Amino acid sequence: MTQHLSKCIVLLFLVLVAGAVNAAGGDSIDEIRVTDAWSRATPPGTEVGVVYFVIANGGKSDRLVRVSSPIAARSELHITRMDGKMMTMQHVDTVDVKAEDSTSFAPGGRHVMLIGLKRPLKERDVFPLVLTFENAGPLEIQVHVRAIGGMSESGHPMDHSK
């Protein structure tokens, strides 16, 4: 009985510590920290959205292998590339997160596509996104929705068909 009570106390302590880390704004797991997670607001009827953030890895190399969010039917890793004068997006299965380095998801580069949005994204909304790393495991981050933007940051139209 005493051993069971001790295990329960240790488990409760770990839950409280994890809650304190999350309350302090710590979107991190192991040595991986995610900052500045944001998305653009979407007009009514739009079924796709995009998410950007920065991954700082203070530990061993890892790989982002999956993304998901309850606000979309699917979430995918993508990269923007120039194809002539048209920017296109290409789905990628994984993104390497090098040791002691940072990996940016930014307009005109890597990003997360939210496909089949269940509702429009409104400025000042906050929604969860789960990033799953090959070694570190899942990390839930909070994405902050900013004002609607028209074209890509480079001023080129976006082709979502590829």
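Residues numbered from 1 in each chain as written. Predicted model: local features only at pLDDT ≥ 70, side-chain atom pairs only at ≥ 80, totals over all residues. Heavy atoms only, no water.

Draft legend 1. Representation of the pattern of salt bridges. Counted according to the given criterion, the structure contains five salt bridges. With a shortest N-O distance of 2.9 Å, D36 and R146 are connected by a salt bridge. With D36 in strand β2 (residues 32-40) and R146 in strand β11 (residues 137-146), the pair connects residues that are 110 residues apart, well separated along the chain. With a relative accessible area of 46%, D36 lands in the partly exposed category. Where D96 meets R63, a salt bridge forms, and the shortest distance between an N and an O atom there is 2.9 Å. Of this pair, D96 sits in strand β7 (residues 95-97) while R63 is found in strand β4 (residues 62-68), placing the two residues 33 residues apart along the sequence. The exposure class of R63 is partly exposed, given its relative accessible area of 29%. Overlapping salt bridges, with partners in common, bring together R63, D96 and E134 in one network. (Salt bridge = Lys/Arg side-chain N within 4 Å of Asp/Glu carboxyl O. Helix = DSSP H or I, 4+ residues; strand = E, 2+ residues; numbered from the N terminus. Buried < 20%, exposed > 50% of the residue type's maximum accessible area, 1.4 Å probe, protein only.)

Draft legend 2. Structural view of the nonpolar core. Core analysis: the biggest nonpolar cluster contains 31 residues, and F53, L114 and L129 have the highest contact counts within it. Within the residue set of this core, elements represented by two or more residues are β2, β3 (48-57), β4, β5 (72-83), β7, β9 (110-117), β10 (126-133) and β11. In this view, F53 contacts V34, T35, D36, A37, T103, S104, F105, V112, L129, L131 and I141; residues no more than four positions away in its chain are not counted. Judged by nonpolar contacts, the second largest core, of six residues, contains W38, Y52, M89 and I115. (Core = buried A, V, L, I, M, F, W, Y, C linked by side-chain atoms within 4.5 Å. Contact = heavy atoms within 4.5 Å.)

Draft legend 3. Structural context of unusual backbone geometry. Unusually for a residue other than glycine, D36 sits at a positive phi of about 50°. Residues other than glycine seldom take positive phi values, yet R124 does so here, at roughly 80°. Note on placement: R124 falls in the loop between β9 and β10. Given a relative accessible area of 72%, R124 falls into the exposed group.

Draft legend 4. Seen up close, the side chain of T132. Structurally, T132 is set in strand β10. Beyond its immediate chain neighbours, meaning those up to four positions away, T132 contacts R63, L64, V65, R66, G137 and P138.

Draft legend 5. Looking closely at a negative patch on the surface. A surface patch of negative charge is lined by D30, E31, E100 and D101. The residue E100 is located in the loop between β7 and β8 (101-105) in this model. (Patch = residues over 30% accessible without salt bridge, like charges linked within 9 Å, V, L, I, M, F, W, Y side chains within 5 Å. Areas by Shrake-Rupley, 256 points an atom, 1.4 Å probe, with all protein chains shown as cover. Lys, Arg positive; Asp, Glu negative; His and termini not counted. Charge placed at Lys NZ, Arg CZ, Asp CG, Glu CD.)

Draft legend 6. Broad picture of the side chain of D62. Structurally, D62 can be placed in strand β4. Within the local environment of D62, its side chain forms a polar contact with the backbone nitrogen of A136, the two atoms lying 2.9 Å apart. (Polar contact = N/O pair within 3.5 Å; in protein donor to acceptor, adjacent residues only side chain to side chain.)

Draft legend 7. Spotlight on the pairing of β2. Relative to β2, strand β1 (residues 28-29) runs antiparallel, the two being bridged by two bridges. Residue pairing in the sheet places S28 in a bridge with R33 of β2. The turn joining β1 and β2, which pair antiparallel and follow one another in sequence, is formed by two residues; a positive phi near 50° is taken by D30. Here six bridges tie β2 to β3, and the two strands are oriented antiparallel to one another. Following the sheet pairing, R33 is matched in β3 by A56. Two strands pair when backbone bridges link them, and β2 and β11 are joined in this way by three bridges, in the parallel orientation. For W38, the partnering residue across the bridge sits in β11 and is H144. (Pairing = 2+ DSSP bridges.)

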